[in-house]
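Results of the structural survey
Listed below are the residues making up each chain.
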Amino acid sequence: METNRGLGRGINFGNALDALDGGPELPLAERWFDEVAAAGFDTIRLPVRWSAHAGSRPPYAIDPAFFRRVDAGVHAALDRGLRVVVDVHHYAELCAAPDEHLPRFLALWRQIAARYAGHSGRLCFELLNEPRDRLTASRWNAVLAAALAAVRDADPGRTVIVGPAGMNSPGALRALAVPEEGNLIATVHYYAPFEFTHQGAGWVEGAHRWLGHTWGGAADEAAVRDDLAEVAAWGRERGLPVFIGEFGAFSAADMASRARWTAFVRAEAERLGLSWAYWEFGTDFGAYDPVCAKWREPLRQALLGEPALAAGSDFRR
Ligand code: GLC
């Protein structure tokens with residue numbers, strides 16, 4: 001629970017070490033870490049596409065130059081007193097063919113865990129971003145237990161984050177089997193209503209038809225409140241802290257709605273004792289504009305300004 005409170009308020013450095021070919025890309029500059037720390041965030045979630053930088057046969061060695069890039073990101077965060085979450089992102093091949101890719105997935109985690117064993121407790125691992133496809137709930141429950149064991153072998157004390165199959169959606173939490181042990185945090189991604197948060201997103205089929213979808217008002221707020229209350233209730237039942245590892249609205253939505261939604265989700269999360277990380281820092285959902293080197297003020301305010309609803313919450317230590 002302490003670590004989850006410590007995860008507190010975070011932001012994703014999405015599309016940096018997880019960039020897809022032809023997609024947006026954030027160069028991982030030292031000054032972005034300064035901006036995040038100075039703004040008052042506690043945590044950086046660092047998505048990493050290890051599977052695109054490792055051998056396809058045993059021992060599935062991670063490319064040393066790529067490993068050094070990840071090291072630089074981890075150290076840049078830790079050196080500034082931030083927490084940092086390193087995940088396995090965009091491993092689509094594992095989701096498509098879990099049996100075939102399981103040995104490689106475990107080998108990746110053995111290498112990552114061995115590399116960072118002995119690092120600060122402010123570094124956390126997240127086993128897999130948005131399991132989906134053939135990685136059904138029951139299959140994922142078995143795979144995650146094996147990955148957790150691989151991490152524990154090399155780095156027993158590390159805090160590990162794990163989310164449900166079904167793309168980490170809150171509705172899939174009830175099918176997540178979390179091993180009975182300490183030092184685990186559950187995670188979900190929150191993008192509801194999807195027609196609002198993903199309007200105009202090029203990678204979502206039909207998303208152009210949702211353009212113009214605004215957000216606000218009592219009914220919209222009640223829906224978010226109910227969703228997050230269920231997430232928090234699940235965490236309480238299981239005795240597990242919960243981290244909303246991604247939430248955000250794509251840049252094609254109107255800024256006033258994005259700011260309202262972001263502020264509301266953040267305030268509700270904090271009221272319920274859920275830590276969070278906004279998706280994302282500097283590309284297509286960007287809270288920060290790297291070209292002008294400035295925060296997008298309505299989003300910065302929504303994330304870090306005085307929360308409208310969190311009065312009395314003991315969210316921060
Ligand atoms: C997931 C995807 C990422 C996408 C984000 C928002 O994290 O991995 O590529 O941008 O969700 O849809």
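For the structure itself, look to the data block above.
This is a predicted model, so every value here is computed, not measured.

When its secondary structure is counted, the protein shows 10 helices and 10 strands. At 18 Å, the protein has a C-alpha radius of gyration in line with the 20 Å of a compact globule built from 317 residues. Reported as C-alpha extents along the three principal axes, the dimensions of the protein are approximately 55 × 45 × 40 Å. Within the protein, buried positions represent 53% of all 317 residues. A fraction of 76% describes how many contacts in the protein between residues 6 or more apart in sequence connect residues 24 or more apart.

Moving on to the sheet that holds strand β8 (residues 275-278). Across a sheet, paired strands are connected by hydrogen bonds in the backbone, their directions being either parallel or antiparallel. Strand order in this closed barrel of 8 strands is β1-β2-β3-β4-β5-β6-β7-β8, and the pairing throughout is parallel. Put simply, the sheet's adjacent strands are angled 25° from each other on average, direction ignored. Lying on the sheet, helix α8 (residues 218-238) is in contact with β6 (184-190) and β7 (242-247); it crosses β6 at an angle near 165°.

Moving on, we come to the pairing of strand β1 (residues 9-12). Residues R9 and I11 point to one face of β1 and G10 and N12 to the other, with burial holding for every one of them. Summarising the sheet, β1 and β8 pair through 3 bridges and their orientation is parallel. Bridge pairing in β8 places G10 opposite A277. Examined bridge by bridge, β1 and strand β2 (residues 43-46) share 3 bridges and lie parallel to one another. Counterpart to I11 in the pairing with β2 is I44. The β-α-β motif built from β1, the intervening helix α2 (residues 30-39) and the parallel element β2 has right-handed crossover chirality.

Below, the discussion takes up the nonpolar core. Counting 92 residues, the largest nonpolar core has W50, F105, I112, L127 and W140 as its most contacted members. Once residues lying within four places of it in the same chain are set aside, the contact partners of L127 are V88, F105, W109, W140, L144, A147, L148, V151, V160, I161 and V162. In this structure, C124, I161, I185 and A277 belong to the second largest nonpolar core, which totals 7 residues.

We now examine the pattern of salt bridges. A full pass over the atoms with the stated rule returns 16 salt bridges. Measuring nitrogen to oxygen at the nearest pair gives 3.3 Å for the salt bridge that ties R45 to D87. Placement of R45 in strand β2 and of D87 in strand β3 (residues 83-87) is noted, with a sequence separation of 42 residues between them. Each member of the salt-bridge network shares a partner with another, and the members are R45, D87, E126 and E246.

Take the environment of H189 next. Structurally, H189 can be placed in strand β6. When the C-alpha atoms of H189 and D220 are compared, they prove to be 18 Å apart, with 31 residues separating the residues in sequence. Apart from the residues lying within four places of it in its own chain, the contact partners of H189 are R45, E126, N129, E130, M167, N168, S169, P170, G245 and E246. At 2.7 Å, the side chain of H189 and the side chain of E130 are in polar contact.

About the cut-offs
Residues numbered from 1 in each chain as written. Predicted model: local features only at pLDDT ≥ 70, side-chain atom pairs only at ≥ 80, totals over all residues. Heavy atoms only, no water. Helix = DSSP H or I, 4+ residues; strand = E, 2+ residues; numbered from the N terminus. Rg over C-alpha atoms; globule rule 2.2 N^0.38 Å. Buried < 20%, exposed > 50% of the residue type's maximum accessible area, 1.4 Å probe, protein only. Contact = heavy atoms within 4.5 Å. Pairing = 2+ DSSP bridges. Axes fitted to C-alpha atoms, helices over the stretch in contact; angles between N-to-C directions. Right-handed = clockwise from strand over helix to strand, strands pointing away. Core = buried A, V, L, I, M, F, W, Y, C linked by side-chain atoms within 4.5 Å. Salt bridge = Lys/Arg side-chain N within 4 Å of Asp/Glu carboxyl O. Polar contact = N/O pair within 3.5 Å; in protein donor to acceptor, adjacent residues only side chain to side chain.

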